[in-house]
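Each chain, letter by letter, is given below.
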2 protein chains.
Amino acid sequence: MESNAPIGVFDSGVGGLTVVREIMRQIPGEEIIYFGDTARLPYGSKSKETIIGFSRQIVKFLRTKEVKAIVIACNTASAFALETISQENEIPVVGVVGPGAKVAVEATKNGKIGVIGTFGTVNSNIYTQYIRDINADIQVFSKACPLFVPLVEEGWLYDPVTIEVAERYFSELKSYGIDTMVLGCTHYPLLRHTLQKVIGEEVTLVNPAYETAISLKRVLQENNALRKDALPEHQFYVSDGAERFQSFANTILPCRVIETTDINIEKY
Amino acid sequence: MESNAPIGVFDSGVGGLTVVREIMRQIPGEEIIYFGDTARLPYGSKSKETIIGFSRQIVKFLRTKEVKAIVIACNTASAFALETISQENEIPVVGVVGPGAKVAVEATKNGKIGVIGTFGTVNSNIYTQYIRDINADIQVFSKACPLFVPLVEEGWLYDPVTIEVAERYFSELKSYGIDTMVLGCTHYPLLRHTLQKVIGEEVTLVNPAYETAISLKRVLQENNALRKDALPEHQFYVSDGAERFQSFANTILPCRVIETTDINIEKY
């Protein structure tokens, strides 16, 4: 593994930038090639076959940049495509679900974990499988929350409408007495304050992005592949709307994105 | 023009079925080939270039079925791609915006029309252009309502949350004293009752689907191309999730859809 090579990170759009932010904080020397599939987002309501197809095209594109590892910074794509992408590539592939599940298991005291995400992630039952592989005694309660992503995109982060929607979505989860809740979609950390208020201050919110960056660091260390050069030059690519992506990226990343390139992902 | 040939209709997903329903009612002998781009929906937040690219692929697919005319049953695709698709094809191409604008102009008494739709449709200003081409004295007030489509998909058609969102979106439109409002997205007729309640009973809601079917009928008559065979055999295609599409189609169409086929639209 070429230690100065970049890391490929992808998501359906901007959500994966919450993972990039954590990578930049925890292993700031690493160079990132990011791809956001803005022409075909969202992924959360689409089928496993379609998401695997999209992910294969993206990985093919990222590999033209000679990346040393790939991070699937999207819960739906991690749920549906991690296994296939790992099998088809000899470089390490890290998803967000495994790291998120691990932290949730460590955090729960009463053994009752809630998971919120898209239809795809929730119906795949992937978090339940990962969590119960670690500890089969834990009870997992899941709820698909399809309105959260459009609410984030509308910018209604602290809005009474968002609170009302969250109350509707969480009423059943609350009745089960969960003490930990996984934010199983990379957009959700942006709603964190509102979600915490609605689910209750006593519930621990788990953001898989943080632990994903730690997992990535560990994998690179194991392969003796941490970057030695200084001053990484990150690159950002999208399949649609480069300008809009970039202005959003600049609100959440600790570095300044000065160029985003539109590419035709369907050619890969 | 081969009068027994089918009509190609496309949309980003299920919304265009509200147009198909009107075509089936008004020219029930016609055979329809429908394509819903469920793998890449929604279209409303994506760029003009991307939507033109998607539309070209779909038209290429529809033309393999030897369609005699094409209906762009999506407001965003009509706004962005109607001109290009018309220029590139020798068969008639009908969009939903022109017919919708025409009815709105006929309906208004005070010359103040509201238009609601996706970001793409509203920012394109296409309804304003069409309306003012007919009557330059009319004032047009537009508002993008990006949460309505996910609310329809969640099934919250008569929900307090939907009412609250509509009140937020409509407060400015109401202050202008509009007497007519165009439902500029094919999903919105499904919210019709809730939207009527919020905007006020005195405001006429315009559903472009109805007038689009009339336009199509007129074009076919002018070309002496109304179908002569009885018993049309409609065909339904999608780029993802055929089963889910079909169950939705069966809730809104007057005929029973017994088969929906998944195709890879990126190959076209």
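Residues numbered from 1 in each chain as written. Chains lettered and ligands numbered in written order. Predicted model: local features only at pLDDT ≥ 70, side-chain atom pairs only at ≥ 80, totals over all residues.

A. A look at the sheet that holds strand 7 (residues 180-184) of chain A. Residue and element names in this part refer to chain A. If you trace the four strands from one edge of the open sheet to the other, you get 6-5-7-8, paired in parallel fashion. Looking at which strands have only one partner, the edges of the open sheet turn out to be strand 6 (139-144) and strand 8 (204-206). Going from strand to strand, the sheet's axes swing by 25° on average, the running direction of each strand aside. Here strand 5 (residues 112-117) runs beside strand 6; their pairing, made up of six bridges, is parallel. Pairing of Ile116 across the sheet is with Lys143, part of strand 6. (Pairing = 2+ DSSP bridges. Helix = DSSP H or I, 4+ residues; strand = E, 2+ residues; numbered from the N terminus. Axes fitted to C-alpha atoms, helices over the stretch in contact; angles between N-to-C directions.)

B. Structural context of the relation of the copies chain B and chain A. Mapping chain B onto chain A calls for a screw motion: a turn of 180° about the axis and a shift of 0.0 Å along it, with 0.0 Å RMSD after fitting. What the superposition gives is, in effect, a two-fold axis relating one chain to the other. Identified as the residue of chain B closest to the rotation axis by C-alpha distance is Arg40(B), at 2.2 Å. The share of interface residues of chain B whose copies in chain A are also at the interface is 100%, consistent with both copies meeting through the same surface. (Least-squares fit on C-alpha atoms with pLDDT ≥ 70 in both. Contact = placed C-beta atoms within 7 Å.)

C. Examining helix 9 (residues 192-199) of chain B more closely. Residues and elements named next belong to chain B. Every buried residue of helix 9 is listed here: Thr194, Leu195, Val198 and Ile199. Each buried residue of helix 9 sits inside an arc of 120° when the element is viewed along its axis, so together they form one side. Away from the buried face of helix 9 by more than 90 degrees, exposed residues His193 and Lys197 are located. Among the structural elements, helix 8 (160-175), strand 7 (180-184) and strand 8 (204-206) are those in contact with the buried residues of helix 9. Immediately downstream of helix 9, the backbone of Gly200 shows phi near 110°, a positive value. (Buried ≥ 20, exposed ≤ 12 C-beta atoms within 10 Å, placed from the backbone. Arc of directions from axis to C-beta.)

D. Just the environment of Gln221(A), in detail. All names here are of chain A. By secondary structure assignment, the location of Gln221 is in helix 10 (residues 208-222). Accessibility expressed as a C-beta count within 10 Å gives 11 for Gln221, which makes it exposed. Taking the C-alpha atoms as reference, Gln221 lies 10.0 Å from Ser3; in sequence the two are 218 residues apart.

E. View of the domain arrangement of chain A. All names here are of chain A. Considered domain by domain, chain A is made up of domain 1 (7-95 + 210-267) and domain 2 (98-208). The interface of domain 1 with domain 2 comprises 22 residues on the first partner and 21 residues on the second. Those elements giving two or more residues to the side of domain 1 that touches domain 2 turn out to be helix 1 (17-26), helix 3 (75-88) and helix 10. In terms of residue class, the side of domain 1 that touches domain 2 is made up of nine nonpolar, 10 polar and three charged. (Domains from an automatic or database assignment. Nonpolar A, V, L, I, M, F, W, Y, C, P; charged D, E, K, R; others polar.)

F. How the structure looks around the sheet that holds strand 2 (residues 32-36) of chain A. Residues and elements named next belong to chain A. With parallel pairing, six strands are arranged side by side in an open sheet as 4-3-1-2-9-10. With one partner strand each, in any of the chains shown, strand 4 (93-95) and strand 10 (260-262) form the two edges of the open sheet. Strand-to-strand twist across the sheet, computed as the mean angle between neighbouring axes with direction ignored, equals 20°. Examined bridge by bridge, strand 9 (residues 235-238) and strand 10 share three bridges and lie parallel to one another. Pairing of Phe236 across the sheet is with Thr260, part of strand 10. Sheet strands touched by helix 10: strand 3 (69-72) and strand 4. Its angle to strand 3, the strand with the most contacts, is close to 165°.

G. Structural detail: the interface of chain B and chain A. At the interface, 16 residues of chain B touch 16 residues of chain A. If you list the elements that add at least two residues to the side of chain B that touches chain A, you get helix 7 (148-154) and helix 8 of chain B.

H. Examining the pairing of strand 5 (residues 112-117) of chain B more closely. Residues and elements named next belong to chain B. Counting buried positions along strand 5 gives five out of six residues, so the element sits mostly inside the fold. Judged from the five bridges that link them, strand 5 and strand 7 form a sheet pairing that is parallel. Among the inter-strand pairings, Ile116 is bridged to a residue of strand 7, identified as Leu183.

I. Representation of the confidence of the model for chain A. Across chain A, pLDDT averages 96, with 100% of residues at or above 70. Reported confidence for the predicted complex is 0.90 by ipTM and 0.93 by pTM. (pLDDT = per-residue confidence, 0-100.)

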